[in-house]
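The lines below spell out each chain.
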Amino acid sequence: MNFLELAKKRYSVRGYLPKAIEQEKLDYILECGRVAPTGVNAQPQRILVVNTPEGMDKMANAAGIPGLYNAPCAIIICVEPECAWTRKYDEHNIHEIDASIVTTHMMMAATELELGTLWMCRFKPEVIRKEFNIPDKYVPVNVLLVGYTAPDALYKSPDRHDAESLRKPIEKTVTYGTF
Ligand SMILES: Cc1cc2nc3c(=O)[nH]c(=O)nc-3n(C[C@H](O)[C@H](O)[C@H](O)COP(=O)(O)O)c2cc1C
């Protein structure tokens, strides 16, 4: 399967089977995140894996979603801004970009393993900090739910991106030369 096929295959899964992810698969996903590029190779990501029922209860509380789609695992991608690169011209710190490419690598790795994922930014920052003892110097940026997709979770066709209602055509988002 080439990358475009894999990318088209992935969709946001909001229903999971009550089945744990094998450690071997989790290790593969985490390794794919480890090799992701980051600005100046700073590797400011600090990742917390939550894969116990008690932990998932806490994650559901932080997300404000009871049951949290029955997901067996949440990977909380935090970042330490102090360790991330800052562009001197405008003092822009790129920590969220670094966290997001690590998250993307892991999401696509899980897709390759036929696991479902849901990328979530909807969580209560103060609650997630408290529930998981996230140090002040770390920022929780993304949560990636991972698990086996439940049969009743809406299957989305790899061809769905052809519909303009789901993905804008290239001409609407890409310009050559200058804006
Ligand atoms: C940065 C980011 C944040 C997202 N946050 C949430 C979220 O908090 N809750 C949720 O249900 N989906 C979330 N999503 C999923 C998007 O809604 C979803 O990817 C988009 O609607 C396209 O659908 P698809 O993933 O099925 O192709 C997020 C996706 C991204 C990339």
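What counts, and where the lines are drawn
- Residues numbered from 1 in each chain as written.
- Predicted model: local features only at pLDDT ≥ 70, side-chain atom pairs only at ≥ 80, totals over all residues.
- Near = placed C-beta within 6 Å.
- Nonpolar A, V, L, I, M, F, W, Y, C, P; charged D, E, K, R; others polar.
- Helix = DSSP H or I, 4+ residues; strand = E, 2+ residues; numbered from the N terminus.
- Expected span 1.5 Å × (residues − 1).
- Buried ≥ 20, exposed ≤ 12 C-beta atoms within 10 Å, placed from the backbone.
- Arc of directions from axis to C-beta.
- Contact = placed C-beta atoms within 7 Å.
- Pairing = 2+ DSSP bridges.
- Axes fitted to C-alpha atoms, helices over the stretch in contact; angles between N-to-C directions.

**What to know about the site of the ligand**
Thought 1: In the vicinity of the ligand, the contacting residues are Y11, S12, L118, W119, M120, C121, R122 and K156.
Thought 2: Grouping the constituent residues of the shell around the ligand by class yields five nonpolar, one polar and two charged.

**Topic: helix α2 (residues 23–34)**
Residues three or four positions apart in an α-helix share a direction because the helix packs 3.6 residues into each turn.
Thought 1: An ideal rise of 1.5 Å per residue puts 16 Å on 12 residues; α2 measures up with 16 Å between its terminal C-alpha atoms.
Thought 2: Among all positions of α2, only L26, I29 and G33 are buried. Considered in projection along α2, the buried side chains sweep an arc of 65° and stay on one side of the axis. Away from the buried face of α2 by more than 90 degrees, exposed residues E24, D27 and E31 are located.
Thought 3: Close packing links the buried residues of α2 with β1 (45–50), α4 (95–112) and β6 (139–147).

**Some words on the sheet that holds β6**
Thought 1: With antiparallel pairing, four strands are arranged side by side in an open sheet as β1-β2-β6-β5. Looking at strand neighbours, the two that pair on one side only are β1 and β5 (116–120), the edges of this open sheet. Taking the axes of each pair of neighbouring strands and ignoring which way they run, one obtains an average angle of 20° across the sheet.
Thought 2: Across six bridges, the pairing between β1 and strand β2 (residues 73–79) is antiparallel. Counterpart to R46 in the pairing with β2 is C78.

Remember that the coordinates give geometry; whether it matters functionally is a separate question.
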